[in-house]
Amino acid sequence: MQALNANAINNGTRPPDAGAQQYLVFRLGGLDYALDFSKVQELRPLKELERFASDGEIISGVAVSRGVIMPIVDMRIAFGPRPPAHDPLTDVIILKLSSCVMGMVVDGVTDIVSLTLDELLPIPGAGANGGPAVEYLLGLGEVEGRRLIVVDIDKLMSIRKVPVGARQAA
């Protein structure tokens, strides 16, 4: 599969604005998420990825893409307590992050959209009135009646899970 091209996925329903940023939209657990398209290196169907190691709960293994060895994170497990069921729509988004190259397994990629910062609304309850602020959530976007949860993929992928026994009271 070739590297992604914004025109290959965006079917022309919405022309990009001069001040807009492009986001790759993907499905995960029945919700639509979006991430900065400039962080996407390529898209691969899960079955086409050469995997040579596979263990762990969220880290589903290590794979090779274009000669680069990278970890693969199964976001279907990270975002929901359901067993992963691979189907033809299961995609791996190869990300070029500030710290590494890695793959992210999602239910499927739908399209590329353009949003301006003005079109991103705060997520209700996040950080307001004592609600927990979630650093990796940038806001909600709406495109053609669909609500998109916009994530900062660098921050999301840098979250470290702290084992329960390692937590100590201050």
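Refer to the structure printed above.
What comes next concerns the included structure. (Residues numbered from 1 in each chain as written. Predicted model: local features only at pLDDT ≥ 70, side-chain atom pairs only at ≥ 80, totals over all residues. Heavy atoms only, no water.)

## Thoughts on the pattern of salt bridges
Side chains that differ in sign of charge can pair as their charged atoms come close. The following threshold applies: By definition, a salt bridge exists where a carboxyl oxygen of Asp or Glu is found within 4 Å of a side-chain nitrogen of Lys or Arg. In this description a helix means any DSSP run of H or I spanning at least four residues, a strand means any run of E spanning at least two, and both kinds are numbered starting from the N terminus. Summary of the burial criterion: residues with accessible area below 20% of their type's maximum are buried, those above 50% are exposed, and those between are partly exposed, where the area comes from a 1.4 Å probe applied to protein chains only.
Following the criterion strictly, the structure yields five salt bridges and no others. When the shortest N-O distance is used, the salt bridge between K39 and D154 registers 2.6 Å. Residue K39 is located in the loop between β2 (31-36) and β3 (40-45), and its partner D154 is located in helix α3 (residues 153-157); the two are separated by 115 residues in the primary sequence. A salt bridge links R146 to D111; the nearest nitrogen and oxygen atoms lie 2.9 Å apart. With a gap of 35 residues between them, R146 in strand β11 (residues 146-151) and D111 in strand β9 (residues 108-115) connect regions that are remote in the sequence. The class of R146 is partly exposed, set by a relative accessible area of 24%.

## Regarding the sheet that holds β2
The following threshold applies: We treat two strands as partners when DSSP finds at least two bridges between them. Axis geometry follows a simple rule: fit a line to the C-alpha atoms, using only the stretch in contact for helices, then measure angles between N-to-C directions, giving values from 0 to 180 degrees.
What the five strands build is an open sheet, ordered β9-β1-β2-β11-β10; its pairing is mixed. Strand pairing shows two members of the sheet lacking a second neighbour, β9 and β10 (137-143), which therefore form its edges. Strand-to-strand twist in this sheet, taken as the mean axis angle between neighbours without regard to direction, amounts to 35°. Summarising the sheet, β10 and β11 pair through six bridges and their orientation is antiparallel. Residue pairing across strands places G139 opposite V150, the latter belonging to β11.

## A word on the nonpolar core
Counted only if it meets this: Side-chain atoms within 4.5 Å are what join buried Ala, Val, Leu, Ile, Met, Phe, Trp, Tyr and Cys residues into a set we call a nonpolar core. In what follows, residue pairs with any heavy atoms lying within 4.5 Å of each other are defined as contacts.
Core analysis: the largest hydrophobic core is formed by 24 residues, its most contacted members being F26, L35, I93, M104 and M157. Looking at this core, the elements that each hand over two or more residues are β1 (21-28), β2, β3, β7 (91-96), β8 (101-106), β9, β11 and α3. Other than its neighbours up to four places away in sequence, M157 contacts V73, M75, L95, L97, M102 and M104. By size, the runner-up hydrophobic cluster in this structure holds nine residues, among which are V25, A34, L148 and V150.

## Remarks on the environment of P122
Secondary-structure assignment places P122 in the loop between β9 and β10. As for P122 and L138, which are separated by 16 residues in sequence, their C-alpha atoms are 7.5 Å apart.

Spatial relationships are all this shows, so hold off on functional conclusions.
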